[in-house]
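# Fold and geometry: a report
Listed below, chain by chain, are the residues.
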Amino acid sequence: MPFYDQILKKMKLTLLLLLLTVLSGIAADTYSQSTKLTLKLENVRIEDLLSQIEDKSEFRFFYNEEIDLDKKVSVNSSDETLVNILDKILNNTGIRYEVIGRQVILTNSSGIASVSQQSKTVTGKVTDSSGEPLPGVTVVVKGTTNGTITGADGNYSLGNITADATLLFSFVGMKSQEIPVAGKTGINVTMVEETIGLEEVVAIGYGTAKKSDITGAVATLQGDAVAERRTTQVSQALQGAISGVMVTRDNNTPGSSATINIRGITTIGDSSPLIIMDGVPINNINDINPNDIQDISVLKDAASASIYGSRAAAGVILVTTKRAKAGELNLSYNAEYGVETPTQLPVYVDVIRYMQIANELRWNDNGNTSDEYPLYAKDIVDNYMSLNAENPDLYPNTDWVGLILEKYAPKQSHTLSISAGTKAIRSKLTLAYDKTDALYMNHTYERITSRFNNDITINKFLSATLDMYFKRSIREQPSLDPMYNMLIAAPVYAAEWSDGRVAEGKTGNNIYGQIKYGGFRNNWYNQVGGKLSLDFTPFDGFKLSAILSPNLGFDKAKNFQKKVSYTDWEDPTSILGTLEWAKTTNLYESRNDNYQVTTQFLANYTKTIKEHNLNILAGYENYYSYYENLSASREQYDLEAFPYLDLGPLTYRGNSGNAYENAYRSWLGRVMYNYQSKYFIQGNIRFDASSRFHTDYRWGSFPSLSAGWVISEESFMKDISWLSFLKLRGSWGTLGNERIGNYPYQATIAFSDAIFHQGSTVVASQTAAQWQYAIRDISWEKTESFDVGFDAGLFDNKLRLTGDYYRKTTKDMLLALEIPDYMGFSNPDQNTGKMETKGWEFEANYNNRIGQVNYSVGFNISDFKSTMGDLGGTEFLGDQIKIKGSEFNEWYGYISDGLFQTEEEVTTSPKTSESVRPGDVKYKDISGPDGVPDGSITPEYDRVLLGGSLPRYMYGANIRLEYKGFDFSMVIQGVGKQNVRLEGLMVQPLMENWGHVPKILDGNFWSMYNTQEENLMVKYPRISQTSRGNNFAMSDYWLINGAYLRLKNISLGYTLPKSIVQSIKMNNVRFYATISDLYTFDNFPKGWDPEVSSSGYPITSSFIFGVAVKF
Amino acid sequence: MISCTDLDLNPLSEGSSENWYSNETEISMAVNDLYRPVFWPLEDGEWTDDYTRRQALTPITSATINGEWETLQNLWLNSYKTIARANTILLNLDKVSEILPPATIDKFAGNAHFVRAAQYAKLIFYYGDVVFYTNIIDIDEAFTLSRTSKAEVLAAIYADYDAAASKLPIAYGNAENKLATKGAALAMKARIALAMGDWAIARDAAKACMDLGIYELYPDYGELFLAKTKNPKELVFGLPRSKEFGVLWEMVNYYLPRNVGGFGGSIAPSWDLFHSFLCTDGLPIDKSPLYNPQKPFKNRDPRCTATIVEFGTPWLGFIYEPHPDSLKVLNVNTGQRVKNNDTRGNQQYASFNGLVWKKFADESWLPDFKAENDKMFMRYADVLLMYAEAKIELNEIDQSVLDAINKVRARAYKVSYTATSSYPAVGTGSQSQLRTTVRVERRMEFAHEGLRYQDIIRWKIAEKVLNQDIYGMLDVAALRTKIVKPGLWFFPMTPAIDENGSPNLLPMYEAGLIKLLADRQFDASKQYLWPIPTKEILINKNLIQNPGY
């Protein structure tokens, strides 16, 4: 081919491209289909072949010098179309062609894409890693709106696809995949589940964002990780799951929840985070069924949370619920059964030792006189077991704990879920039922939750979501929580006489009889709510939304306290009295009626211009809430079988009621911008007005700024092959809080009653008085927060690291100002006080595959310390203190100096009172009224700060393994350091002067019966009622390191192979077993779980077996 | 409503203080508030030597009291709440001076003065020098305050009581709420004056109250205290209780025997108290030939068996008998002999010293152990005895002193005080003899009424009586061998009685015939005053704690 010809062709090519871009679609291709060619050539260069075709036909080839036409080919065709010939010879050459009329354009497959090419239809099947068809996967041609979704069999078919197009396969929870069509007409894809990757889309305030685009501190948790814990309440499942999220609990009553704090404590008032479900604030995260959760985002710093300005100071938790996908049609059912058993139970001394120690207490308190058997006579103590054998009623030996607590409490749960999705309407309905019994009788927790989420696409411009949910939970309990009384009850008191009648216990304190016969305390909580949202998209990138979300609550409580009479052990007709908690049978009922309505209007605009990406959000939100309470009672029921108000006597009736409301109004705005997905900047502002403040002090503004830099995208970092991703983040912002009563600026007149004589009759008259001192200019509490952090992905993002350091300063803290009691008012609410919280967090996750084993390992740790600043003269005193310079709730008490050993030491030492004796705890004399030690120990002058009470270095870790059908996971969780006080039932003997004696004390307390040497070695003070105040006062004597490591959760699952499942007409069958709270490593006295409060329901281990089937 | 809520929300179920105190109803409700039950606690008898609670002690009787004791903190807080509210009323009355008749304004003002005086009186009695103000203070001012001397506060208390006495009515109509009266102001003034040693003021105030001529002693001492006796003429100042309105004396089962479902005298009259009742010849038991320790209820002042249940007598449907061998006892209502749970022979937690309270109790306390007896803060007998005490201390011993004491004593015997042969009338004697007489009389007359603690503090005898230990019966086996068998039941010996009417039980204990229940202690170096609540000291550097705390 002559040289000039080539030049011409190259020039023409450029021109032609322009031309064809305009004319594409107009040109007919009849010539190419009607013209048949016969060619027989062996081993010629492609370029030569093309020349021959040009010679034999009117076809003209256009290409540039990048096209490699030197490859040698052979062709043997007779009467074939050009397309067929080119398909053969250009196969595997990387050269694409497009026939437009008589012109044929050749391009490299990676070359110029803007040339319109012949379109095809691509079909294929999408499956998951186990080979199961995956319905609802979105398949789109990249850069276009041309797309479809896979059907129930996982198949898809997408027409009008050019050979150079790239298909984008995406599915929530799976890694998105881009696959070039490259001329293929069949593309099968296996989707891989996404753990927590940088490409993941996470919920942020009023929207979503790619994780890699986020500049604030946002942590995410997949819904599966929540559900996998198999807890009834969501709050419990978060323990140890996310760094910087402190989850604490002190009991494990059926249905019990846990307290959540994000990044420590920011205020003396309410430090609980704001919970947003599907974009709308809700009261309690535990109102959501864990199985309904798609994912959870925790907004930890001001930059991410300040879009929620007003109430976000303590952090925000965003919960997104599961929704149906288009093309989905299935029904799944999950059943699980299990048991709970206490992790630990305290152990007490036996009955003989009990009597000896009880005698010792009286003997000590009476001055150690000659009578060493002041309570239980010697012959009784010496012969008790034989006396007990003769007459167990007169000489009981009751195992109260064994009598009341069962070894195991059963629990079960069932979840039914139906999903159906078409392109227009996608619906998901779930219905769940949970029931947990307690370890003691007459106590159960039941819950029914239902959720119905619908997405409706009306047309290209308009779509809607309509969600509804319902929750009903019922807690039935005996009229009294037995734990405290059960633990202190001593064995010398009878619970039941030998013929089964209720026994006297300790003069009417018989908790066993009370919970068995003493009536009930039942609570019903009903909640109905929903969300209607309309999205209008007038043009691409711009969306207007209107959202209305009501939530209605109806709660009912009924407490029927029955009088339980006990009779004499040898005379069933002789009623000795009634158990001490109810002298008569009484009914108390209450009702609460409440509702909250949230309204939002949002406008969102997204625009990408070249490498500039912009997202703008503006919105308005209104919130109103109303509560009304009603209670009524009657007392002295004659009938004990009818717990209804009408059946009680008219004389003893009571009732009361009250109501309150509050409201917010807010404007919000956000701008997110990034350049090349490399430099990110984001600004938020929110203006909030609250009805809780006077109109002049009502508005607060809460701005924030954050920035991110993806260093790994910079050219100088490209060469570091092990570093896949590195982003540095920084943020600053302010947040608000106003949760302090509903009318704090108003000096309200509170009403009450007093009774007076009128002659010899008695009347009641209403009274009125201002109870609280009011501060009129009370306004927003503000928390300023500063955060720096990084996200890194190493080794192909297999190892992902996240770290943050933050500092939060709360100013104008809203607190009930501690005023002198002599002012005669309750403490007023005021903006005063400062506190500062500093902390850090670190998270690491690694996933990989060895052969057929997929595994992942994760670890998180965080720490914070909250220090009180100037509290405006306010001090919160007690055993835990808040004063300037102290930590939040720092322990405050005496410094101990061992136990007094001798009379002389007692006489010559400062002490708390004249009643102190050898064997009591000795304290250091710190100061006195004149600022120097004054020779006596007093609460005013001798108490000091003893260290923080909050947990430090909270950590969690998890391991996950998958092998063929098996999956295994293990979670550990713990606290690195915590000052914990041993108190109450843990260490005090004979609580209330008659209670039981913890076994840990026996042989380890100071005693007159010990030798001097033995007394030097003991751990616990002497047994005394008089010195109880001295010995168990708050002091460092009782502080231990409460660090613990808990084996939180172990799960093992097995998914049946497809072949078996399909043969029984099912889609998926999985069996699983989960063990929670199995074992703990800690420092606590034997019998005490590190998390349980001393008279709380035990922390329990649970063993659950479940099966999930899907049709 | 849905998209734009009004943010000017006002309390739905409370009033606004902005324009309160604007009419009679509102002020009347504010005045009523000053008499809420929580502001008028009765003193706890357990702080004294009149009580025993098995083997337990209080922070006062174990000398472990400090500024963190809840009772002491509440008393402080509630007193000042009442004072602040009384101040607010007094300072707001000018708002209505135009629209209300002067008599109504006087009634409001008089009550506010009365209540403020009564609360400050309580404060200086317990705490000594206290924070004092009569205005409405703001926070800044509050932190500048320090303790005002007791004398200065006392002068203001007198002034308030005088203002109250001049403004308050002598009595209220039968369709009117009975608030404070002139007589109440005078009598309460006498009480604080007596406590502070202002004998003349006490005498004059008591006399002025007596001279009103409207109070009289209720004829039946035992019946006076029962729930059915509402607002008797003897009641100078008191507030009702009511089951109907839920204002109750709770937990009275602690006082009742086990046979009726009580706790067997878990809180019981002490042996100290029992021994202090005189014999019918007017002599203490160690002097009177009428006293027999084996029949300790015989020949005693009638108030003894009106206060403590006599053994072997019917009580709330059962014969009360703690004797260790009385294993069966008569149910008076059914005529059946039933198991006796009031003897330690059957029941370990029957009364530890054999005694149970009788005063105030009757069948109306059953079956729910809720009582609605009037709360009596000041009754006429007290006025008479205060008058006598003030005059004795002034050494103005005359017939009016003897008459005052004798009126009280004669009522117990249900005779006229002039019928001196029908009861052991008090004759004249030395100041110290009469001092003993009036102290013993008060102890007999006012047992279980919440007045003993003030008395032993005023008389400075707490260090003596509260340093005596608490005793009870021996355990059953020893009781049978050492007491019952030798025929020594109930008391094995007659103790010596001192000038305060207190017995010395130590010899009986040392003889091994009674049991030590608790080691009572009182630290005289500090305990005549309570500590200021710890919190108050710690948040306001201007306040200095009482010595020793």
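In the block above lies the structure referred to throughout.
These lines cover the structure that appears in this document, whether it is placed above or below.

What counts and what doesn't
- Residues numbered from 1 in each chain as written.
- Chains lettered and ligands numbered in written order.
- Predicted model: local features only at pLDDT ≥ 70, side-chain atom pairs only at ≥ 80, totals over all residues.
- Heavy atoms only, no water.
- Helix = DSSP H or I, 4+ residues; strand = E, 2+ residues; numbered from the N terminus.
- Rg over C-alpha atoms; globule rule 2.2 N^0.38 Å.
- Buried < 20%, exposed > 50% of the residue type's maximum accessible area, 1.4 Å probe, protein only.
- Contact = heavy atoms within 4.5 Å.
- Areas by Shrake-Rupley, 256 points an atom, 1.4 Å probe, with all protein chains shown as cover.
- Lys, Arg positive; Asp, Glu negative; His and termini not counted.
- Charge placed at Lys NZ, Arg CZ, Asp CG, Glu CD.
- 1 Å grid on protein atoms, 1.4 Å probe; cavity = no way out; pocket = protein on both sides within 12 Å on 5 of 7 lines; lining within 4 Å.
- Points joined across faces, edges and corners; volume = space filled by probe spheres on them.
- Nonpolar A, V, L, I, M, F, W, Y, C, P; charged D, E, K, R; others polar.
- Salt bridge = Lys/Arg side-chain N within 4 Å of Asp/Glu carboxyl O.
- Phe/Tyr/Trp six-rings, centres within 6.5 Å; stacked < 30°, edge-to-face > 60°.
- Lys NZ or Arg CZ within 6 Å of the ring centre and 35° of its normal.
- Axes fitted to C-alpha atoms, helices over the stretch in contact; angles between N-to-C directions.
- Parallel < 35°, antiparallel > 145°, perpendicular 65-115°, else oblique.
- Left-handed = near helix turned anticlockwise from the far one by under 90°.
- Disulfide = S-S within 2.5 Å.
- Pairing = 2+ DSSP bridges.

Glancing now at the overall build of chain B. Helices and strands together make up the secondary structure of chain B, namely 18 helices and 15 strands. Here chain B has a C-alpha radius of gyration of 25 Å; the compact-globule value for 549 residues is 24 Å, and the two agree. Expressed as lengths along the three principal axes of its C-alpha atoms, the size of chain B is roughly 85 × 70 × 50 Å. Looking at the 549 residues of chain B, the share that counts as buried comes to 64%.

When you go through chain A residue by residue, the secondary structure sums to 17 helices and 56 strands. Here chain A holds 1111 residues, and the buried ones make up 57% of them. Look at the contacts in chain A between residues 6 or more apart in sequence, and 68% of them connect residues 24 or more apart. For chain A, the accessible area works out to roughly 45,200 Å², and carbon and sulfur atoms hold 55% of it. Computed over 104 positive and 126 negative side-chain charges, the separation of the two mean positions in chain A equals 8 Å.

Okay, empty space enclosed by the protein next. Residue and element names in this part refer to chain A. Of the voids in this model, the second largest cavity is the one considered here, and its volume is about 230 Å³. Forming the boundary of the second largest cavity are 20 residues, of which Thr231, Gln236, Asn252, Glu340 and Lys411 lie nearest the centre. Those elements that place two or more of their residues in the lining of the second largest cavity are strand E54 (1044-1055), strand E55 (1068-1082) and strand E56 (1100-1110). The residue inventory of the lining of the second largest cavity, partitioned by class, reads one nonpolar, twelve polar and seven charged.

This next bit is on the pattern of salt bridges. All names here are of chain B. Scanning all chains against the criterion turns up 91 salt bridges over all chains. Salt-bridge contacts for Arg303 lead to Glu441; the nearest nitrogen and oxygen are separated by 2.5 Å. Of this pair, Arg303 sits in helix H10 (residues 302-307) while Glu441 sits in helix H13 (residues 431-446), placing them 138 residues apart in sequence. The exposure classification of Arg303 matches that of Glu441, with both residues buried.

For the rest of this paragraph, the subject is the packing of aromatic side chains. Centre distance and the angle of the planes are the two values used to describe a pair of aromatic rings. Within this structure, the stated rule accounts for 77 aromatic pairs over all chains. Ring geometry for B:Phe274 versus B:Phe491: centroids 5.7 Å apart, planes at 45°, classification tilted. Placement of B:Phe274 in helix H9 (residues 271-276) and of B:Phe491 in the loop between helix H16 (476-484) and strand E13 (496-497) is noted, with a sequence separation of 217 residues between them. If you follow A:Arg952 out to its NZ or CZ, it ends over the ring of A:Tyr953, 5.4 Å from the centre. Across from the ring centre of B:Tyr417, 5.3 Å away, lies the NZ or CZ of B:Lys407, which sits over that ring.

Moving on, we come to the packing of helix H6 (residues 182-195) of chain B against helix H11 (residues 380-393) of chain B. Residues and elements named next belong to chain B. Across the interface, H6 lies against H11 with an axial gap of 10 Å and an inter-helix angle of 40°. In terms of orientation, H6 and H11 fall into the oblique class. As H6 runs across H11, the sense of the crossing is left-handed. Between H6 and H11, the contacting residues are Ala187, Ala190, Arg191 and Leu194 on the first element and Asp382, Val383, Met386, Glu389 and Ala390 on the second.

Turning to the state of the cysteines, a few remarks are in order. Scanning all chains against the criterion turns up zero disulfides over all chains. B:Cys304 carries a free sulfur, and the closest cysteine sulfur to it, the one in B:Cys279, is 9.0 Å from it.

Residues and elements named next belong to chain A. Along the chain, Val528 falls in strand E27 (residues 519-539). The exposure class of Val528 is partly exposed, given its relative accessible area of 36%. Sequence separation between Val528 and Pro550 is 22 residues; the distance between their C-alpha atoms is 8.4 Å. Setting aside residues up to four positions removed in sequence, Val528 forms contacts with Tyr469, Phe470, Pro550, Asn551 and Leu552.

Below, the discussion takes up the sheet that holds strand E49 (residues 944-948) of chain A. If you trace the three strands from one edge of the open sheet to the other, you get E45-E46-E49 (chain A), paired in antiparallel fashion. Of all strands in the sheet, those bounded by a partner on one side alone are strand E45 (880-881) and E49 of chain A.

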